[in-house]
Amino acid sequence: MNLLQQAWFDANLVAILLAINPRGLKGVSIKSQFGPVRDSWLHYFTNLLPEDSKIIKAPANLSAEQLFGSLDIESALLSGEFKVSQGLLERLGRQYLLLPMAERMNLQAMTHISQALDEKNLFNHPHTAKDSHFGVVVFDESDPQEEGVNLRLLDRLAFTLYLDRFSIGDIKQSLEVTPTDIEAAIALMPSVTCPQDLVEVLVKAGLSLEISSLRANQFAVEAAKSLAALRGLIVVGQEEVMDAARLVYAHLKSIQTLPEEESSSQSEEDVDNNQEDQHHSENETSKDTEASDLEDEDPSSSNDDFEDLVVEAVKTSIPPQLMLQLNQPLRPTKTKASIAGKSGSIEKSHVSGRPHGARKGLPGNGRRLDILKSVRSAIPWQRLRIQHGDASVRSGIGSKIHFRAEDLHTKQYLKRRGTITIFLVDASGSSATQRLSEAKGALEELLSQCYIRRDEVAMLSMRGSKVEIVLPPTRSLVRAKRNLASLPGGGGTPLASGLRSANEMAISLERKGLTPIIVIMTDGKANVNLNGVGGRVGAHNDALATAKELRMKNHRILFVDTSPQPEKLAQELAGTMAAQYFPLPYTGSRKKITEAAIQLGNF
């Protein structure tokens, strides 16, 4: 049996355990794209469920109203009374909730589901109904560079599966378990116990693996008890503990492998501490107590050996995808900001964009009436309005539903503002021909990214004693590259005038509803002041003053130092205008500059 076949059997075992004990294990997160492998696992899991359990698929745009129930408009109109439909959470007793594309779901809905898992899946709680528990199956289709499922929900699920590594040939064979076996294991579950020493082994193994989740140890114990029930055992053994640790601990994202040097140094310190403790104990205790201590050390040493075996079994079961993530540095929390194709800040709109609820208000001036929200707001008041209305209302003449101005709601949307990147290029003599060509190379990469993201670009050139608009705002990549290639070099550096011109252009474009990003490429050696007169001291002071103007406007700025070595004047200017500073000469700097510009555009 190869490793992939063993991993697929483990995925089958996760489905079996979740079918046996949804109250204790709560659910599984499946990291996989849509395909036959994921469908095969779901089909296998569905066939294991008892007759009174089924999978309820939640809509992708799941909202809080759908979870808890909302006004039943049809029943309310027919009866003339306030009627509330049954929410999804009320129908989940002994069922399983399937969340497709959970990485895109509403954060409020995910929070309510997490809270329901805590409240409805309690053991022997006086306020918890007997059959109120439910399980959750989460489909995570996010890419590695995207933000995945909400961590609050993942922390409440016992398992995580990575199914993208399997092919059709790896899943031809599966564990043969029938619904009858599942029902027998469910009936045996209340009688299964786990010895205290094995619980301690699981807890110590979790600490050795640096698992931060406090729920992980409870999940491991519940998985071990479920395995024992499946195998017809009343008491959990070492084999069940080993398998439970592999299935639960190996897939937790909070696992962090310790470097060998740190672990070896810690082991040496532990040995020294143990030797000192033994020396003091020999001097302070009698021979009888020493003998009793030696007798007590025998079971503890065996437990320590078993704990080491559990830790090694977990490490060997960690999926390769997770190992790659552990060896990489942590990503920022807003990882969606680095996705190409998304740009600009998010703003509310009443015309177009992604639906974002409704708010009270009268339609008009482009605002559209939200009919359903208005009807839901008006229906609870119908009986009261009929009693206190005029004769036409009491006789039923007129509309079926009696509206007031406070009932009306208008639709709201969220949309991204368009982004424009303003390039301020130093084409003076101080940049020299070689430095200007390197700057042009970095600029071409940035222009390509702007074209992919459908951003507009504009270009200003600092040369001689004036600033020229080389390229007005456009989306034409060909035109931008042609103007960049023909950009001449030589002359003075009117840096202050260039910064002021970029600031004025950014303010003008911001008023038009665009999000400006300023990319400044210069060595920071200004020698022409705002009046067009030469002189480095006055020119640098004017450049600092205009840099403060940029900072006051809170523009998103990327400062690229084009000098042969990182220049202190350039760093001072970048700090004054609160810009991200990047020196151009270093290896890989072009890629870092491009990534920084993309992040600024999506901030």
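Not measured: the values here are computed from a predicted model.

1. Here we look at the sheet that holds strand S4 (residues 135–140)
Within the open sheet, the 5 strands sit side by side as S2-S3-S4-S1-S5. Their pairing is parallel. The sheet is open, and its two borders are formed by strand S2 (55–57) and strand S5 (159–162), each paired with just one other strand. Strand-to-strand twist across the sheet, computed as the mean angle between neighbouring axes with direction ignored, equals 20 degrees. As defined by bridge partners, strand S3 (residues 96–99) adjoins S4 across 4 bridges and the pair is classed as parallel.

2. Remarks on the packing of helix H1 (residues 3–20) against helix H10 (residues 216–230)
Two elements in contact, H1 and H10, have axes separated by 10 Å at closest approach and are oriented at 90 degrees. Regarding the angle of H1 to H10, the classification is roughly perpendicular. Along the contact surface, H1 presents Leu13, Ile16, Leu17 and Ile20, while H10 presents Ala223, Ser226, Leu227 and Leu230. A class-by-class count of the residues in the contact of H1 with H10 yields 7 nonpolar, 1 polar and no charged.

3. Considerations on the packing of helix H21 (residues 536–552) against helix H22 (residues 568–576)
Axis separation between H21 and H22 bottoms out at 8 Å; the angle between their running directions is 30 degrees. Here H21 is positioned roughly parallel relative to H22, judged by the angle of their axes. Where H21 approaches H22, its residues His540, Ala543, Leu544, Ala547, Lys548 and Arg551 are matched on the opposing element by Leu569, Glu572, Leu573, Gly575 and Thr576. The residue makeup of the contact of H21 with H22, split by class, is 5 nonpolar, 3 polar and 3 charged.

4. Section: the packing of aromatic side chains
Applying the stated criterion to the full structure yields 4 aromatic pairs. Aromatic side chains Trp8 and Phe166 sit 5.6 Å apart centroid to centroid with 70 degrees between the ring planes, which places their arrangement in the edge-to-face category. Taken together, the residues Trp8 in helix H1 and Phe166 in the loop between S5 and helix H8 (179–188) connect sequence positions 158 residues apart. Comparing Trp8 with Phe166, the two get one shared label, buried. With a centroid separation of 5.1 Å and 90 degrees between ring planes, the pair formed by Phe45 and Tyr96 is classed as edge-to-face.

5. Observations regarding unusual backbone geometry
At Arg94, a position not held by glycine, the phi torsion is positive, near 65 degrees. Following the sequence through the fold, Arg94 ends up in the loop between helix H5 (73–79) and S3. For Arg94, a relative accessible area of 28% translates into the label partly exposed. Backbone geometry places Asn554, a non-glycine residue, at a positive phi of 55 degrees. Position of Asn554 among the secondary structure elements: in the loop between H21 and strand S13 (556–561). Judged by its relative accessible area of 65%, Asn554 falls in the exposed class.

6. Some details on the side chain of His409
Take His409: it is sitting in strand S8 (residues 409–416). Here the side chain of His409 touches Asp407 through a polar contact of 2.9 Å, landing on its backbone oxygen. When residues no more than four places from it in sequence are discounted, the contact partners of His409 are Ala358, Arg359, Lys360, Gly361, Arg368, Leu369, Asp370, Lys373, Ser374 and Ser377.

7. A word on the pattern of salt bridges
Tallied over the full model, the rule gives 14 salt bridges. For the salt bridge of Glu141 with Arg38, the shortest nitrogen-to-oxygen distance reads 2.8 Å. Residue Glu141 is found in the loop between S4 and helix H7 (151–154), and its partner Arg38 is found in helix H3 (residues 36–48); the two are separated by 103 residues along the sequence. Each member of the pair Glu141 and Arg38 is classed as buried. Between Glu240 and Arg231 there is a salt bridge whose closest N-O contact spans 2.9 Å. Residue classification places Glu240 among the buried positions, given a relative accessible area of 4%. Through salt bridges with shared partners, one network takes in Asp10, Arg231, Glu240, Asp243 and Arg246.

8. Observations concerning the nonpolar core
If you look at the biggest cluster of nonpolar residues, it comprises 60 residues, and the most contacted ones within it are Trp41, Phe159 and Tyr249. Residue contributions to this core peak at 12 residues, all from H1. Core analysis: the next-biggest nonpolar cluster, separate from the first, contains 28 residues, Leu460, Met462, Leu499 and Ala506 among them.

9. Regarding the pairing of strand S10 (residues 456–463)
In terms of residue burial, S10 counts as a mostly covered element, since 7 of its 8 residues are buried. With 7 bridges connecting them, strand S9 (residues 418–426) and S10 associate as parallel partners. Paired with Ile422 across the two strands is Ala458, which belongs to S10. Here S10 runs beside strand S11 (residues 466–474); their pairing, made up of 6 bridges, is antiparallel. Note on S11: the bridge partner recorded for Ser461 is Glu468. Once S10 ends, the chain turns through 2 residues before running back antiparallel as S11, passing Gly464 with a positive phi of about 75 degrees.

10. Structural notes on the sheet that holds strand S14 (residues 580–583)
Strands sit in the order S11-S10-S9-S12-S13-S14 across an open sheet of 6 strands; the sheet is mixed. Of all the strands in the sheet, just S11 and S14 have a single pairing partner and so form its edges. Strand-to-strand, the axes of this sheet are offset by a mean angle of 15 degrees, without reference to chain direction. Pairing geometry for S13 and S14, over 4 bridges, is parallel. Bridging across to S14, Val560 finds its partner in Phe582.

11. Observations regarding H1
With 18 residues, H1 should cover 26 Å at 1.5 Å per step; its first-to-last C-alpha distance of 26 Å lies within 8% of that length. H1 sits mainly inside the fold: 15 of its 18 residues count as buried.

12. Remarks on H22
Turn by turn, an α-helix covers 3.6 residues, leaving residues three or four places apart pointing in a common direction. Considered for burial, the residues of H22 that qualify are Ala570, Leu573, Ala574 and Thr576. Viewed end-on, H22 has its buried residues packed into an arc of 160 degrees, placing them on one side of the element. Elements in contact with the buried residues of H22: helix H20 (495–511), H21, S13 and S14. Backbone geometry just downstream of H22 places Ala578 in the positive-phi region, at approximately 55 degrees.

About the criteria used
Residues numbered from 1 in each chain as written. Predicted model: local features only at pLDDT ≥ 70, side-chain atom pairs only at ≥ 80, totals over all residues. Heavy atoms only, no water. Pairing = 2+ DSSP bridges. Helix = DSSP H or I, 4+ residues; strand = E, 2+ residues; numbered from the N terminus. Axes fitted to C-alpha atoms, helices over the stretch in contact; angles between N-to-C directions. Parallel < 35°, antiparallel > 145°, perpendicular 65-115°, else oblique. Contact = heavy atoms within 4.5 Å. Nonpolar A, V, L, I, M, F, W, Y, C, P; charged D, E, K, R; others polar. Phe/Tyr/Trp six-rings, centres within 6.5 Å; stacked < 30°, edge-to-face > 60°. Buried < 20%, exposed > 50% of the residue type's maximum accessible area, 1.4 Å probe, protein only. Polar contact = N/O pair within 3.5 Å; in protein donor to acceptor, adjacent residues only side chain to side chain. Salt bridge = Lys/Arg side-chain N within 4 Å of Asp/Glu carboxyl O. Core = buried A, V, L, I, M, F, W, Y, C linked by side-chain atoms within 4.5 Å. Expected span 1.5 Å × (residues − 1). Arc of directions from axis to C-beta.

Function cannot be read off these values alone, since they describe shape.
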